[in-house]
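# Chains, contacts and geometry: an overview
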Amino acid sequence: MKFTWHEKGDVKEWRPCKNGLVIGRLYFVNPNEGERYYLRMLLNVVRRPCSFKDIRTVDGVEHPTYMFACKALRLLGDDGEWVESIREAYQWQSGKQLRELFVTILLFCDVANQEKFFWDSFPFLSEDVAYNQRRLLDNEDLMLSHDELVNYTLLYIDNILYGNCRSLVDFPSLPQLNHSLLSIGSNRLIAAERTYNVEEEIRIFNELYSGLNVQQKEVYTIIINAVNEKTGGFYFVSGSGGTGKTYLWRTITAYIRSHGKIVLSVASSGIASLLLPGGRTAHSRFNIPIDIDKDSTCGIDVGSDLAELINIADLIICDEAPLHHRYSFEAVDRAFRDVCRYYVAGSENKVFGGKVVVLGGDFRQILPVIQHGSRSDVVSSCINKSEGLWNSCRFFVLTTNMRLSDQNITGDELIKMREFSKWILEMGVGRLPMCTVEGEDDGTWITIPDDLLIPVADNPIDAVTSIVFPDILSRLNDMSYIKERCILCPTNDDVDMINLHVLSKMSGDMHEMLSANEICRSTDNFSELEIMYSSEFLNTLWFSGIPNHELNLKVGVPIILLRNLNLQRVLCNGTRLVITQISRRVLEAMIITGTHIGEKVLIGRIDMTASDTT
């Protein structure tokens, strides 16, 4: 009323009015200018303000923004009309068009509570977001968490705002973009770990958790607390077969995935990884070198998709860990420290970079295989001999045999199982009495109970097959019967004799599959060896880990893979299948073990090279 504002060149100042009391004009402000618009609205209402703080203060309460002050003074109307317009358009418009309408309302309408307007409209604005991401990443099973769904919806809105020379930053009351989630969303490895149905994982968890015993619940609680509190930690769960280690892994995995988090399940071998939901071999998951030494490192580039997956993973589980050389775990430890320090400060000083890592296994079973190594070499290669890691490890032992608690097992069968379990444990810890054979001074042999031995017969092959596979001809179509039985043989010669014996009794046409053997072209003296050794001679050679030149098959026979073909489809070394169709170059088979039971796969002719033919 007493001053006017003058602005000319560099001079900007208030001057006393020359014509007495004159009320100045407030300049027009467009509603899409946000806080400036709300400030203008308050200047018409607030009396005698001495500062911007006074303008934002209503009834003695200072509000953080001018918009909230306007809302407290009831100067802004209800946003229900805008939400209803979005809801009505949802009946016939796509998600993209709804987001464009949302931006139009945001820019050109007086939205009182922009944050509430967004959340009320969010179910309609985000309906097609998950579908768009599945199509973009070519992953039909992709599941987005709530935070990721919100973030991608905001990204689409921000792109529309950008076309109007605006951005989400101009609307601070709206949720803002989380750029770390955007980079994670484009990671195919992370997307593959987000394919699990949360509702299904909740159902699985509730079913499994009710079956945990006291020891398992103790381990479960400690590990889940470490995951939820993000404190990191290194744990080892030891237990003999039947104590429920795999059951515990499945329960923990289901809980973590039911909360939209990521757990990486690995094992020492392909056949062991089949028992874990989404399991992989540790070498394939973490790029562990095959030829390992004390200074080895994993082939993980900082900033790669794998590095990002490791950083975001909440838990790493490794089953059958005693089979791994301790150098493998030390290489993973170095890789994790290197990768995680770029995401979390101080990770280079923590075991496994501060991740929660759980190992499991039984040191009474097979230890790392050391070529031409002595007993001391084998023992020193175990993980518990790695001082840098093992001193930070918390050790748990499971002793309750869950197989003996099965309510369906009673009477004599339960007594036999208890006796067998006790005998196995005593053998594992070396408590069985030793006996000597002729020519030995110290006892190194044990006596096997008669009920575990097959009686001597004139035809030992027929005796073995009839004991392990009774009534095999009438039960070949029973998958549970096939997958619960197998015969382990010491040599490939024994395998061939047993296979031919069973095949001869089965009905159906015999299919003879032949290999195409040749000298490896990467050999130094390839041309000389090619002349010296003909294909006929090569066909007579047998190598460990490679099928013989002649493979006889029939429809309905069980087979086992000898190498990893497709880990995502659990086609790996040890997978058991049943032949359903046979052609000259392709086999159709159905998986009967692991997590993909009942799925049919195709197996074609592939190149195979022995790992060591010297």
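The preceding data block contains the structure.
By convention here, each chain's residues receive numbers from 1 onward along its written sequence. Two thresholds apply to this predicted model, a pLDDT of at least 70 for residue-level local features and 80 or more for giving and counting side-chain atom pairs, whereas whole-chain, interface and lining totals are computed over all residues. Only hydrogens and water are removed before side-chain values are computed, so all heavy atoms of the structure are retained for them.

### Re the overall build of the protein
What counts is decided by this rule: Secondary structure elements follow DSSP: runs of H or I of four or more residues count as helices, runs of E of two or more count as strands, with numbering from the N terminus. Relative accessibility thresholds used throughout: buried, under 20% of the residue-type maximum; exposed, over 50%; partly exposed, between the two (1.4 Å probe, protein chains only). By definition, residues are in contact when any of their heavy atoms lie within 4.5 Å. Calculation of accessible area relied on Shrake-Rupley with a 1.4 Å probe; when residues are assessed, cover is drawn exclusively from the protein chains displayed.
Counting secondary structure elements, the protein contains 25 helices and 16 strands. When its C-alpha atoms are laid out on the principal axes, the protein stretches across 130 × 60 × 55 Å. With 614 residues in all, the protein has 40% of them scored as buried. Considering only intrachain contacts with a sequence separation of at least 6, the fraction spanning at least 24 residues in the protein is 60%. Just so you have it, the protein exposes about 36400 Å², and 52% of that area is on carbon and sulfur atoms.

### Quick word on the pairing of strand β5 (residues 233–239)
As a reminder of what qualifies: Only strands joined by at least two bridges in the DSSP assignment are considered to pair.
In terms of burial, β5 is a largely internal element, 6 of the 7 residues being buried. Bridge count between β5 and strand β9 (residues 356–361): 6 bridges; the pairing is parallel. Bridging from a neighbouring strand, Tyr 235 pairs with Val 358 of β9.

### Observations concerning the pattern of salt bridges
Operational definition: Should a side-chain nitrogen of Lys or Arg be within 4 Å of a carboxyl oxygen of Asp or Glu, the pair is scored as a salt bridge.
Inspection of every chain in the model, using the stated rule, returns 15 salt bridges. Here Glu 193 ties to Arg 257 by a salt bridge, and the two come within 3.8 Å at their closest N and O atoms. With Glu 193 in helix α10 (residues 188–193) and Arg 257 in helix α13 (residues 245–258), this pair connects stretches of sequence that are 64 residues apart. Here Glu 193 and Arg 257 have matching classes, each one buried.

### Observations regarding α13
To keep it simple, the criterion reads: Here a helix's expected span is defined as the number of its residues, less one, multiplied by 1.5 Å.
Here α13 is 14 residues long and its end C-alpha atoms lie 20 Å apart, about the 20 Å a rise of 1.5 Å per residue gives. For α13, the tally of buried residues reaches 12 of 14 residues, placing the bulk of the element in the interior. Within α13, burial applies to Lys 245, Tyr 247, Leu 248, Trp 249, Thr 251, Ile 252, Thr 253, Ala 254, Tyr 255, Ile 256, Arg 257 and Ser 258. With its phi angle positive at about 75°, Gly 260 sits one or two positions after the end of α13.

### Observations regarding the environment of Trp 82
Checked against the element boundaries, Trp 82 lands in helix α4 (residues 80–89). Sequence-wise, Trp 82 and Glu 550 are 468 residues apart; in three dimensions their C-alpha atoms are separated by 74 Å. Residues within four places of Trp 82 in sequence aside, it is in contact with Ile 105, Cys 109, Asp 110, Val 111 and Phe 117.

### Topic: the packing of helix α11 (residues 198–209) against α13
Worth spelling out the cut-off: Axis lines are fitted to C-alpha atoms, over the contacting stretch for helices. Their N-to-C directions set the angle, which ranges from 0 to 180 degrees. Put simply, a crossing is left-handed when the front helix is turned counterclockwise from the back one by less than a right angle, and right-handed when it is turned clockwise. Throughout, the ten residues Ala, Val, Leu, Ile, Met, Phe, Trp, Tyr, Cys and Pro are labelled nonpolar, Asp, Glu, Lys and Arg are labelled charged, and all others, Gly among them, are labelled polar.
Contact geometry for α11 and α13: axes closest at 8 Å, N-to-C directions at 145°. With respect to the hand of their crossing, α11 and α13 are arranged in left-handed fashion. Facing α11, whose interface residues are Val 198, Glu 201, Ile 202, Ile 204, Phe 205, Glu 207, Leu 208 and Tyr 209, α13 presents Tyr 247, Arg 250, Thr 251, Thr 253, Ala 254, Tyr 255, Arg 257 and Ser 258. Tallied by class, the residues present in the contact of α11 with α13 amount to 9 nonpolar, 3 polar and 4 charged.

### Here's the deal with the packing of aromatic side chains
The condition is simple: For Phe, Tyr and Trp, where Trp contributes only its six-membered ring, two rings pair if their centres lie within 6.5 Å, and the inter-plane angle classes them as stacked under 30 degrees, edge-to-face over 60, or tilted in between. Any Lys NZ or Arg CZ found within 6 Å of a ring centre and within 35 degrees of that ring's normal is scored as a charge over the ring.
Scanning the model with the defined rule gives 23 aromatic pairs in all. Centre to centre, the rings of Tyr 37 and Tyr 38 are 5.5 Å apart; their planes meet at 70°, and the pair counts as edge-to-face. The pair formed by Tyr 37 and Tyr 38 is uniform in burial state, with each residue classed as buried. By the ring-pair criterion, three or more aromatic residues cluster together here, those being Phe 102, Phe 117, Phe 118, Trp 119 and Phe 122. The positively charged end of Arg 257 is found above the aromatic ring belonging to Tyr 196, 3.9 Å away from the centroid.

### A short note on the sheet that holds strand β14 (residues 576–582)
As a general point, the strands of a sheet are linked pairwise by backbone hydrogen bonds and lie either parallel or antiparallel. Ordered by their spatial adjacency, 4 strands build an open sheet running β13-β14-β15-β16, and the pairing between neighbours is antiparallel. Looking at the sheet topology across the chains shown, the edges are occupied by β13 (558–560) and β16 (600–604). The sheet shows a mean angle of 45° between the axes of neighbouring strands, taken without regard to direction.

### Remarks on the pairing of β16
Burial along β16 is one-sided: Val 601 and Ile 603 are buried, and none of Lys 600, Leu 602 and Gly 604, which face the opposite way, are. Examined bridge by bridge, strand β15 (residues 586–591) and β16 share 5 bridges and lie antiparallel to one another. Considered in β16, the bridge of Leu 587 is made with Ile 603.

### Considering the environment of Val 227
Tracing the chain through its elements places Val 227 in helix α12 (residues 214–229). On the basis of relative accessibility, which here comes to 3%, the residue Val 227 falls in the buried class. When the C-alpha positions of Val 227 and Ser 296 are compared, they lie 28 Å apart, and in sequence the two are 69 residues distant. Once residues lying within four places of it in the same chain are set aside, the contact partners of Val 227 are Ile 256, Asp 314, Leu 315 and Val 356.

### Brief notes about unusual backbone geometry
Even without a glycine there, the phi angle at Lys 230 is positive, about 55°. Within the secondary structure layout, Lys 230 lies in the loop between α12 and β5. In this model, Glu 320 sits at a positive phi of 55°, which is unusual for a non-glycine residue. With respect to the helices and strands, Glu 320 occurs in the loop between β8 (315–319) and α17 (326–340).

### Focus: the side chain of Ser 173
Note the following rule: Polar contact criterion, stated in full: a pair of N or O atoms within 3.5 Å, where within protein one must be able to donate a hydrogen and the other to accept it, and residues adjacent in sequence count only if both atoms are side-chain atoms.
On the secondary structure map, Ser 173 appears in the loop between α8 (146–162) and α9 (179–185). Separated by 2.8 Å, the side chains of Ser 173 and Gln 114 make a polar contact. Discounting residues that sit within four places of it in the chain, Ser 173 has contacts with Met 67, Gln 114 and Glu 115.

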